[in-house]
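What follows is the residue order along each chain.
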Amino acid sequence: MKHYEVEILDAKTREKLCFLDKVEPHATIAEIKNLFTKTHPQWYPAHQSLCLDPKGKSLKDEDVLQKLPVGTTATLYFRDLGAQISWVTVFLTEYAGPLFIYLLFYFRVPFIYSHKYDFTSSRHTVVHLACICHSFHYIKRLLETLFVHRFSHGTMPLRNIFKNCTYYWGFAAWMAYYINHPLYTPPTYGAQQVKLALAIFVICQLGNFSIHMALRDLRPAGSKTRKIPYPSKNPFTWLFLLVSCPNYTYEVGSWIGFAIMTQCLPVALFSLVGFTQVTIWAKGKHRSYLKEFQDYPPLRMPIIPFLL
Ligand SMILES: NC(=O)c1ccc[n+]([C@@H]2O[C@H](COP(=O)([O-])OP(=O)(O)OC[C@H]3O[C@@H](n4cnc5c(N)ncnc54)[C@H](OP(=O)(O)O)[C@@H]3O)[C@@H](O)[C@H]2O)c1
């Protein structure tokens, strides 16, 4: 069996960081990362990105050396991804924050509104309903992160968490401030508007959960398998006929429901920003499906049936 030699260079300076002799042809990138860590313990595997080109895409952990377009002396370029944090920690921090922050406003803890309102309660039913919906949404997300999603990538750069938390926590505080404000005015069309909004919210939450369960069922525990999702007997999954990421469609729908229920501008803005973000992701995921699967259903759009 012909062995490989692998040299690892710094992608920025081209300085030679490591030379690995007699690497087995079927060694994976994950195994090469482990060998590299032995000589450079400060860069544990989650820190490392290895590429064939200094500015190229990171190789996947499961890529096999002999299948890469390299000679028997392979040159790989190393980039330091910086401190990493697990996705589960990321999601728990991002989602526990809004849940807790919203409740501070709901219970009107001191130093938010005028002193005379400390620990008072709103007289509008919609304010209590909004608190239930908001809390339910984030508790659902936390539980799904712990018990439903089977993520394929273990970690993400620590710096992302500051950006994401500013977004989630900041918007939660802004929305909660207005909805729980003692001078808050309930929606124009009263109970009818609230009931319609609640129906939209509940349907979309059920839809979002159904899609998450369907995605989970595509991937056996402990694997990184990716498959084409198809509608099942559950009618909420039928949206897979028309879009690639129905979980995002339902997610945006939930926030539209919440915006109609509260008739609050910051909620509408949060829905709009969220919609823009998930549309960008949905387009990326849609493109990956088309690239990955030749038999991908042609009728599907990324997020909005027939439109977007
Ligand atoms: N409003 C907002 O701002 C916002 C933003 C982000 C997320 N969210 C919520 O959080 C949820 C999760 O977000 P996400 O971005 O992680 O969703 P996602 O990319 O659709 O993934 C959900 C889970 O399904 C897996 N998965 C996706 N496609 C798969 C396939 N074809 N085969 C096998 N497994 C597959 C993913 O694994 P991988 O690890 O391989 O991707 C992940 O574990 C969203 O649905 C939404 O409810 C909301």
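Cut-offs used in this document
- Residues numbered from 1 in each chain as written.
- Predicted model: local features only at pLDDT ≥ 70, side-chain atom pairs only at ≥ 80, totals over all residues.
- Heavy atoms only, no water.
- Core = buried A, V, L, I, M, F, W, Y, C linked by side-chain atoms within 4.5 Å.
- Buried < 20%, exposed > 50% of the residue type's maximum accessible area, 1.4 Å probe, protein only.
- Helix = DSSP H or I, 4+ residues; strand = E, 2+ residues; numbered from the N terminus.
- Contact = heavy atoms within 4.5 Å.
- UniProt positions renumbered as here; feature names shortened; annotations may be inferred.
- Pairing = 2+ DSSP bridges.
- Axes fitted to C-alpha atoms, helices over the stretch in contact; angles between N-to-C directions.
- Near = heavy atom within 4 Å.
- Polar contact = N/O pair within 3.5 Å; in protein donor to acceptor, adjacent residues only side chain to side chain.
- Areas by Shrake-Rupley, 256 points an atom, 1.4 Å probe, with all protein chains shown as cover.
- Nonpolar A, V, L, I, M, F, W, Y, C, P; charged D, E, K, R; others polar.

**Things to note about the nonpolar core**
Formed by 37 residues in total, the largest nonpolar core has its most connected members in Y102, Y138, I179, F258, M261, V267 and F270. Within the residue set of this core, elements represented by two or more residues are α2 (87-106), α3 (125-147), α4 (158-179), α5 (190-218), α6 (246-262) and α7 (265-292). Examining the composition of this core, we find that nine residues originate from one element, α2, more than from any other. In contact with Y102, other than residues within four places in its own chain, are A130, C131, H134, A172, A176, I179, N180 and F258. Judged by nonpolar contacts, the second largest core, of 19 residues, contains C18, L20, I29 and I32.

**Concerning the UniProt feature "domain: 3-oxo-5-alpha-steroid 4-dehydrogenase C-terminal" (unreviewed entry) in the protein**
The UniProt entry lists residues 155-308 under the feature "domain: 3-oxo-5-alpha-steroid 4-dehydrogenase C-terminal" (unreviewed entry), expressed in the numbering used here. Across residues 155-308, the secondary structure splits into 62% helix and 2% strand, with the terminal C-alpha atoms separated by 30 Å.

**A look at the sheet that holds strand β4 (residues 73-80)**
Spatial strand order, β2-β1-β4-β3: four strands in an open sheet with mixed pairing. In this open sheet, the two edge strands, each paired with only one partner strand, are β2 (16-23) and β3 (48-51). For this sheet, the mean angle separating the axes of adjacent strands, direction not counted, is 25°. Sheet topology places strand β1 (residues 4-10) next to β2; five bridges connect them, and they run antiparallel. Each bridged residue has a counterpart across the sheet, and for E7 the counterpart in β2 is F19.

**Some details on the pairing of β4**
Pairing between β1 and β4: six bridges, direction parallel. In the sheet register, V6 faces β4, and the bridge partner there is A74. Strand direction decides the pairing type here: β3 and β4, joined by four bridges, are antiparallel. Bridging across to β4, L50 finds its partner in F78.

**Structural notes on the UniProt feature "domain: TECR-like N-terminal" (unreviewed entry) in the protein**
The feature "domain: TECR-like N-terminal" (unreviewed entry), as annotated in UniProt, sits at residues 5-80 in this numbering. With 14% helix and 34% strand, the stretch residues 5-80 has end C-alpha atoms that lie 22 Å from each other.

**Focus on the site of the ligand**
The immediate surroundings of the ligand are formed by 23 residues, with S152, H212, Y248, E251 and K285 found nearest. At 2.8 Å, a side-chain N or O of N247 approaches an oxygen atom of the ligand. Within the contact set of the ligand, an oxygen atom lies 2.5 Å away from a side-chain nitrogen or oxygen of E251. Protein chains bury 92% of the 870 Å² of accessible surface belonging to the ligand in isolation. Those elements that place two or more of their residues in the shell around the ligand are α4, α5, α6 and α7. Counting residues per element, the shell around the ligand draws most heavily on α5, which supplies four residues. Among the residues making up the shell around the ligand, the classes are represented as nine nonpolar, seven polar and seven charged.

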